[in-house]
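Spelled out from the first residue to the last, the chains are:
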Amino acid sequence: MEQKEYEEISEPGAAPYGNFINYYTFNPPEKRVSLIPEQLLHQIFGGREHERQLLGLDVGCNSGDLTVALYRHLIGLNQNVKNEMGYANGIEMSLLGCDIDSRLIQRATESNPFPAGISYSVLNIMDASSRKSILEAYLSQYKRSHFDVCFCMSLTMWIHLNHGDSGLLEFLSVVSGLSNIL
């Protein structure tokens, strides 16, 4: 790796959207998801998750490390046991990670180990027109009008700082309206 490439990767520099290039080096995703019960989807959906594919939305996904860790954790891949469907706990899930920063989405897409289960899209969740077009297009692929679960980790402070109280309330209203579980 050339020195310039190394500096670009390792130098966090200014974070225009609140994103930090090396965020996951000091806040490992596996540590964060370990706080979520492994059987969360079974507990929430009470066995109904087998009736259809679950859809998840990860808003502010950064470079996708936490999105991948959430996916692995929620479908049971961390348990290293697979059933006939290929999923450790029988859950089929599609997860859409979105972030305002196109460079982070490019990194997430390039390093995605589960392209059949995880998709990424550049999205400013606070922009109603792009939010509508991107999310409706994704949901229509599954003939759905909302997500089963939505994650918004480490995002609300940035929204509050940049959009104030009204922006934070709008954001929470939007994401809670997009999903069954927030």
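Residues numbered from 1 in each chain as written. Predicted model: local features only at pLDDT ≥ 70, side-chain atom pairs only at ≥ 80, totals over all residues. Heavy atoms only, no water.

## Quick word on the pairing of strand E1 (residues 54-59)
Using the following cut-off: Per-residue accessibility, obtained with a 1.4 Å probe over protein chains only, is compared with the maximum for each type, and a residue is labelled buried under 20%, exposed over 50%, and partly exposed between these values. The secondary structure listing takes helices from DSSP runs of H or I that are at least 4 residues long and strands from runs of E that are at least 2 residues long, numbered from the N terminus. Here the rule is simple: two strands pair whenever DSSP picks up at least two bridges between them.
Among the 6 residues in E1, 6 count as buried, and that is most of the element. Residues of E1 alternate between two faces, with Leu54, Gly56 and Asp58 on one and Leu55, Leu57 and Val59 on the opposite face, all of them buried. Strand direction decides the pairing type here: E1 and strand E2 (residues 93-99), joined by 6 bridges, are parallel. Paired with Val59 across the bridge in E2 is Cys98. Bridge count for E1 against strand E4 (residues 147-151) is 3 bridges, and the pairing is parallel. Across the sheet, Leu57 pairs through a bridge with Cys150, a residue of E4.

## Let's talk about the confidence of the model for the protein chain
Rule in force here: The pLDDT score gives, residue by residue, the confidence of the prediction method on a 0 to 100 scale. Any two residues having at least one pair of non-hydrogen atoms within 4.5 Å are treated as being in contact.
When pLDDT is averaged along the protein chain, the result is 79, and 71% of the positions lie at 70 or above. Looking at the elements of the protein chain, mean pLDDT is at its lowest for helix H1 (residues 3-10), recorded as 46, and at its highest for strand E3 (residues 118-122), recorded as 97. Low pLDDT, under 50, characterises residues 1-14; the predicted model gives this stretch 10 contacts beyond four residues in sequence or across chains. Per-residue pLDDT stays below 50 along residues 81-87; that stretch engages in 15 contacts with residues further than four places along the chain or on separate chains.

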